[in-house]
Amino acid sequence: MSGRAQRVLGVVVAAAALCVLAGVYVTSLSRSPQAAARSADLTLQTVGALGPKYDHPSWVSYLVRDRGGEWLHSTNLEVPANSLVRVTIHQYDSATGLRNPFFARPQGTVGNVIQVDGKTVDVIDPTLTSHTFAIPQLGVFVPLPGVADNAPNQCDAAPCTSAQAHRTITFTFRTGRAGRYRWQCFVPCAAGFLTGFGGPMQGFGYMDGYLNVV
Amino acid sequence: MRLSRDFARVLVIWVVASAIATPVVAIFLTPDLPPGIATDDAAGQQVDNEVLTAVATPVVLLIVIFLAYVLIVFRQQGSAIEEGPRVYGHAGAQTVWIVASTAIVLGLFAFGTFRLLEAGAAGGGQGPSPLSPLHAVGGESVLPVQVIGQQWQFTYRYPTYDGLQTPHLVLPVGRPVELHVTSLDVVHSFWAYGLGVKADANPGVDNVAYVKPSRVGTFDVRCAELCGIWHGYMFDTGRVVGERSFEAWIKDQQRIFAPVQKYLPPYSDTYLPAPQGRAG
């Protein structure tokens, strides 16, 4: 190979290498901020009885914390699409027990595990389950253990405070495309209703709702 | 004489139209009728729908042609309002009408009865029966799968795989499946539309239905019984896969759900969970 040909080949190889490096750099630039932006936090609490401030004082319910830190009696939740959602649930209710023990296994969360009071678990005792947070269309099923019956300083009206007896459950899950997905509790937790499935289990806005992925 | 000529015209038009339309409907339209051909049972139901549609075609044509002929030929001429000619009964026409209607209905009754009882019929969730098809199939390994309805999700147990429970319904292609359908709370209805299977899910009852998937693919599962606020969302998608894929899927599910296995009740035809805690 002549010297001129070697120089041309060298320039071509160097140019190709530069192009590859530039491509990798641009790709990483375009991905990193997006990945960082595509995450969200969702904070909920469950209470055994809403209390006198609400329409059905004796009904069990979920509440959601808004961006200002206020607790809202709403089960319409909103999270970004194609993102990692970090969920924290402060669980103030006592145990009822699952009708189908199968739902004691966390599913659809990252690693199929949850953290209960800081401890990572892949299953909980179904008889000690108080509620579940399940989004069946996304394959997410999370059991929530109950507060011990004899725990001191139990909460009897929403919104409950961190000083009151509670369990803290955290987990993460990934959302896909935008859409509206229902979520629900699988524990028959409606006190005073036949087999626990009436009232707040059949009325929108208490133990079920929509997860709006936007 | 006029009526006889009109009758002959209608008859000729109807015969010609039926001779053309019935084969066209049978050949080109009915292959797209529901529920498809994903299983032998679904294909059988499609054949039933094809027969019904083909038989109904000449009947519908007779009504439409007669109505159109009357509207065109006997319409009021001019603006004068006149009484039409008096109408008399016609014993022959009535006899033909009654005999033909009876023959069609009895024929379809016999056809439907035969289709329900013949070997290979799907059964209607009525439970094991000497007439049910899979008892007549010798040498084939039947896969039992339990369908458990609960507000508002179906879960599935595979008793021959240590009672594995999973939220997904996956079936192996070409293998007879015995579905045991039950419920943990209210009345649901398991409807695997594409498989041609539908059976009520009643608490404390084991409803049995049979299916044999004949091709790989997906199928929709819906609840077909109004069962509460989220009834409309009680659906999922099942899969029919090859035998090796099925075995691999089972192993994967056993791994995923191993932690909860010790908490599951022993496999049973039905489950009657006692109301616990505050419930009840």
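Please read these numbers as outputs of a predicted model, since none were measured by experiment.

Undergrad: Is there a simple way to explain the overall build of chain B in this structure?
TA: Check the secondary structure of chain B and you find five helices and ten strands. Of all 280 residues assigned to chain B, the portion counted as buried reaches 24%. Taking the intrachain contacts of chain B between residues at least 6 apart in sequence as the baseline, contacts between residues at least 24 apart amount to 69%.

Undergrad: Please explain the interface of chain A and chain B as it appears in this structure.
TA: Note on interface size: it is often stated as the accessible area lost on association of the parts. Opposite the 25 residues of chain A that make contact, chain B presents 26 residues. Split by residue class, the side of chain A that touches chain B holds twelve nonpolar, eight polar and five charged.

Undergrad: Looking at this structure, I do not really get the pairing of strand S10 (residues 167-174) of chain A. What am I missing?
TA: When a strand is regular, its side chains alternate between the sheet's two faces. Relative to S10(A), strand S5 (residues 84-91) of chain A runs antiparallel, the two sharing eight bridges. Each residue of the ladder has a partner; that of Gln91(A), found in S10(A), is Arg167(A).

Undergrad: When you look at the sheet that holds S10(A) in this model, what are you seeing that I'm missing?
TA: Sheets are built from strands that pair by backbone hydrogen bonding, the pairs being arranged parallel or antiparallel. Residue and element names in this part refer to chain A. Reading across the sheet, the seven strands line up as S3-S2-S1-S5-S10-S6-S7 and stay open at both edges, with mixed pairing between neighbours. A single partner strand is all that each edge strand has here, and the edge strands are strand S3 (71-72) and strand S7 (119-121). Bridge count between strand S6 (residues 114-116) and S10: two bridges; the pairing is antiparallel. Residue pairing for S10: Val116 is matched across the bridge by Ile169.

Undergrad: Looking at this structure, how should I read the domain arrangement of chain B?
TA: All names here are of chain B. Annotation of chain B at the domain level lists domain 1 (2-73 + 99-117) and domain 2 (133-261). Here the C-alpha centre of domain 2 lies 36 Å away from the C-alpha centre of domain 1. Between domain 1 and domain 2, the residue contacts involve eight residues of the former and 13 residues of the latter. Among the residues making up the side of domain 1 that touches domain 2, the classes are represented as three nonpolar, three polar and two charged.

Undergrad: When you look at the sheet that holds strand S5 (residues 177-183) of chain B in this model, what are you seeing that I'm missing?
TA: Residue and element names in this part refer to chain B. Taken together, five strands build an open sheet; the order of strands is S3-S2-S1-S5-S8 and the sheet is mixed. Taken across any chain shown, the strands that pair with only one partner, and hence form the sheet edges, are strand S3 (164-166) and strand S8 (207-211). Averaged over all pairs of adjacent strands, the angle between strand axes in this sheet comes to 25°, irrespective of strand direction. When strand S2 (residues 153-158) meets S3, the two strands line up antiparallel, connected through three bridges. Bridging across to S3, Tyr156 finds its partner in Thr166.

Undergrad: Teacher, can you tell me more about the pairing of strand S7 (residues 197-201) of chain B here?
TA: Residues and elements named next belong to chain B. Within S7, four of the five residues are buried, which leaves it mostly tucked inside the rest of the structure. For strand S6 (residues 188-192) and S7, the ladder comprises five bridges, and the chain directions are antiparallel. Bridge assignment links Trp191 to a residue of S7, and that residue is Lys198.

Undergrad: Explanation requested: helix H3 (residues 91-117) of chain B in the structure shown.
TA: Within an α-helix, residues lying three or four positions from one another point in the same direction, as the helix has 3.6 residues per turn. With 27 residues, H3(B) should reach 39 Å at 1.5 Å per residue; the first-to-last C-alpha distance of 38 Å fits that figure. Burial analysis of H3(B) places just zero of its 27 residues in the buried class, a small minority of the element.

Undergrad: Got a minute to help me understand the nonpolar core in this structure?
TA: Looking at soluble globular proteins, one finds that nonpolar side chains tend to be buried together. Residues Val47(A), Val60(A), Ala134(A), Val142(A), Cys189(A) and Met207(A) are the most contacted members of the largest nonpolar core, which totals 45 residues. For this core, the element with the highest residue contribution is strand S9 (residues 140-145) of chain A, accounting for four residues. Setting aside chain neighbours within four positions, we find Val60(A) in contact with Val47(A), Gly48(A), Ala49(A), Asp93(A), Cys189(A), Ala190(A), Ala191(A), Pro200(A), Tyr206(A) and Met207(A). Judged by nonpolar contacts, the second largest core, of 26 residues, contains Ala42(B), Leu171(B), Leu195(B) and Ala199(B).

Undergrad: Would you take a moment to explain the confidence of the model for chain B for this structure?
TA: Detailed reading of the predicted model is not advised wherever pLDDT is low. Per-residue pLDDT for chain B averages 86, and the proportion of residues at 70 or more is 88%. The ipTM for the predicted assembly is 0.79, set against a pTM of 0.77.

What counts, and at which threshold
- Along each chain, residue indices are assigned from 1 in the same order as the chain's sequence is written.
- Note on labels: chains are lettered from A, ligands numbered from 1, in written order.
- Only residues with pLDDT of at least 70 are given local features in this predicted model, and only at 80 or more are side-chain atom pairs given and counted; all residues enter the totals for whole chains, interfaces and linings.
- Numbering of helices and strands starts at the N terminus; helices are DSSP runs of H or I of at least 4 residues and strands are runs of E of at least 2.
- The burial label depends on the number of other C-beta atoms within 10 Å of a residue's C-beta. Counts of 20 or more mean buried, 12 or fewer mean exposed, and intermediate counts mean partly exposed, with C-beta atoms placed from the backbone.
- Here, residue contact means that the backbone-derived C-beta atoms of the two residues sit within 7 Å.
- Note on residue classes: Ala, Val, Leu, Ile, Met, Phe, Trp, Tyr, Cys and Pro are nonpolar, Asp, Glu, Lys and Arg are charged, and everything else, Gly too, is polar.
- Pairing between strands requires that DSSP locate at least two bridges from one strand to the other.
- Where each domain begins and ends follows an automated or database-derived domain assignment.
- Helix axes use the C-alpha atoms of the stretch in contact, all axes being lines fitted to C-alpha atoms, and the angles between their N-to-C directions lie in the range 0 to 180 degrees.
- One fewer than the residue count of a helix, multiplied by 1.5 Å, yields its expected span.
- Think of a nonpolar core as buried Ala, Val, Leu, Ile, Met, Phe, Trp, Tyr and Cys residues chained together by C-beta atoms that fall within 7 Å.
- pLDDT expresses, on a scale from 0 to 100, how confident the predictor is about each individual residue.

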